[in-house]
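Overview (structure and organization)
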Amino acid sequence: PPRTVLERQQRRESSARTYARSLPIVPVRASGMTVTGADGTTYLDCLSGAGSLALGHNHPVVVEAIRKVLDDGAPLHILDLATPVKDAFVETLFDLLPGDLARRGRIHFCGPTGADAVEAALKLTQTATGRHGVLAFTGAYHGMTAGALAVTGNVAVRAPLAPTPATVTRLPYPYGYRCPFGLGGDTGAATSARFAASLVDDASGGVVPPAAMILEPVQGEGGVVPAPGSWLRAMRDLTAHRGIPLIVDEVQTGAGRTGAMWAVDHAGITPDVLVLSKAIGGGLPLAVIVYDESLDGWAAGAHTGTFRGNQLAMAAGTATLRHIAENTLPEHAETIGRRLLAELHRLAGDHGSIGEVRGRGLMLGIEVVEADAAPDDLGSLPPAPDLAARIRSECLRRGLIVELGGRDDTVLRLLPPLVVTAEQADSVVERLAAAWTAAER
Ligand code: PMP
């Protein structure tokens, strides 16, 4: 019989276990950026609960907020009823919303995960417009439920789902290093051309706009690909011109991660629907959409679910958002992010297997490539999945938790908490450098 925690988990849990495979450790304590395993080993955590722990593990303001709900004897779960805890969360969030959403926004609490919020956004826009098609992007990741999966770009991830519940047209995302359209990275023109073509209805020959466009301002799971501001503004203009609601998925980028409170702030655009989860719950499950009031055509009960009133998550989220805003953590993320980027560029100088270093704020990615292969016509080298996996293992051996992303799992992703110090950032790079050298041997 299995004797250890790891063995029992392997025996009992589904074969879809993911992080548990690449990170075979048994965390028993965590604080800030540090995770401690059952054997006493400590790790620097650059995964942060897949980007959901903006303040790191067990931040005192989050723990205190959770404790207060418990001490007050407030309900923990109370459907979508009005409570002071929810009121505080909504008012805190609305004070921080981008553009006109603060004034014209409506919030809907979704099931607890990012994918649930994506589903709600897709359904809302289809209800509001009375139309059905959706424009999504190559490389996109929006979650694992049927609708969210339909707008996810990665073919391997999407494959088990058929037929697709919505008609999805995929447009090219500005992924310069591996432009899927072989256009020398000029995805702006490619996106616009395909956008125009996608509006033409085969049957009538007329123009039929879709119900929505959905995009990530920085693709995360897709391999940490920031879209240029000019491209995001172009998408905003194209959709506004055609009356197509723009859904921006800031599940991963939101709440300070990219060096601004919202990644759309860098581009100065306002979405019609903003999808939020991960960090806004302070590490507990919480997901919402905030959308322009003009889309608010849902009948009462048109979109419901049991767990939409997690008071602990709302309290943790309120404390997290306030702490981020009051301590200007987006600026801190920008500063430390720049420092990390500079160090990673230096590392790239030492390793031909680093194809590109990129990112925004504290959402950073490194392309792991075959150093000795011939470059393609964009000058890009082929992905090196085995090397990437070895680097991740060598990082873990050196007490550094990192994950991979991108289509072939060949982009090493760094998502430290927003509270990471300069010293911790330097330690991350030191361990990463040693791991890279060891993995290349
Ligand atoms: N959208 C984005 C941009 C994401 O990064 C993720 C999760 N990585 C999701 C949606 C789905 O969120 P969840 O895993 O909570 O369903």
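Structure report, in brief. (Residues numbered from 1 in each chain as written. Predicted model: local features only at pLDDT ≥ 70, side-chain atom pairs only at ≥ 80, totals over all residues.)

A separate point is the packing of helix α14 (residues 329-350) against helix α16 (residues 422-440). The N-to-C vectors of α14 and α16 enclose an angle of 20 degrees; their axes lie 10 Å apart at closest approach. Classed by the angle they form, the pair α14 and α16 counts as roughly parallel. The two elements α14 and α16 cross, and the hand of that crossing is right-handed. Residues Ile336, Arg339, Leu340, Glu343, Leu344 and Leu347 of α14 form the contact with α16, whose participating residues are Ala422, Ala425, Val429, Leu432, Ala433 and Trp436. By residue class, the composition of the contact of α14 with α16 is 10 nonpolar, no polar and two charged. (Axes fitted to C-alpha atoms, helices over the stretch in contact; angles between N-to-C directions. Helix = DSSP H or I, 4+ residues; strand = E, 2+ residues; numbered from the N terminus. Parallel < 35°, antiparallel > 145°, perpendicular 65-115°, else oblique. Left-handed = near helix turned anticlockwise from the far one by under 90°. Contact = placed C-beta atoms within 7 Å. Nonpolar A, V, L, I, M, F, W, Y, C, P; charged D, E, K, R; others polar.)

The subject of this paragraph is unusual backbone geometry. You will see that leucine 79, though not glycine, has its phi angle at about 50 degrees, which is positive. On the secondary structure map, leucine 79 appears in the loop between α4 (60-72) and α5 (84-96). Here leucine 79 falls in the exposed class, since 12 other C-beta atoms lie within 10 Å of it. Phi is positive for threonine 328, which is not a glycine, with a value near 40 degrees. Within the secondary structure, threonine 328 sits in the loop between α13 (311-326) and α14. (Buried ≥ 20, exposed ≤ 12 C-beta atoms within 10 Å, placed from the backbone.)

With that out of the way, let us pick up the nonpolar core. If you look at the biggest cluster of nonpolar residues, it comprises 123 residues, and the most contacted ones within it are Ala117, Ala121, Val275, Ile289 and Leu400. Sequence-distant contacts of isoleucine 289, that is, excluding residues within four places in its chain, are made with His108, Cys110, Ala117, Ala120, Ala121, Leu124, Val273, Leu274 and Val275. (Core = buried A, V, L, I, M, F, W, Y, C linked by C-beta atoms within 7 Å.)

Take the sheet that holds strand β5 (residues 134-137) next. Strand pairing in a sheet relies on backbone hydrogen bonds. The paired strands run either parallel or antiparallel. Strand order in the open sheet made by the seven strands is β4-β12-β11-β10-β7-β5-β6, with mixed pairing throughout. Taken across any chain shown, the strands that pair with only one partner, and hence form the sheet edges, are β4 (105-109) and β6 (168-171). On average, adjacent strands in this sheet sit at an angle of 20 degrees to one another, irrespective of strand direction. For β5 and strand β7 (residues 212-215), the ladder comprises two bridges, and the chain directions are parallel. Bridge pairing in β7 places valine 134 opposite alanine 212. The strands touched by helix α7 (residues 114-129) are β4, β5, β7, β10 (246-249), β11 (273-276) and β12 (288-292); relative to β11, the strand with the most contacts, the crossing angle is about 165 degrees. (Pairing = 2+ DSSP bridges.)

Turning our attention to the site of the ligand. Close to the ligand lie 15 residues; Thr113, Gly114, Ala115, Gly143 and Val251 are nearest. With three residues, the top contributor of residues to the shell around the ligand is α7. Residue classes in the shell around the ligand are distributed as five nonpolar, seven polar and three charged. (Near = placed C-beta within 6 Å.)

What follows covers the sheet that holds strand β16 (residues 403-405). The strand order across the open sheet formed by four strands is β13-β14-β17-β16, and the pairing between neighbours is antiparallel. On the outer flanks of this sheet lie β13 (354-360) and β16, each paired with one strand and no other. When the angles between neighbouring strand axes are averaged without regard to direction, this sheet yields 30 degrees. Note that β13 and strand β14 (residues 363-368) share six bridges and pair antiparallel. In the strand pairing of β14, glutamate 356 is matched with glutamate 367. Its contacts with the sheet put α14 on β13, β14 and β17 (411-414), and the angle it makes with β13 is roughly 175 degrees. Sitting on the sheet, helix α15 (residues 385-397) touches β14, β16 and β17, and the angle it makes with β14 is about 130 degrees.

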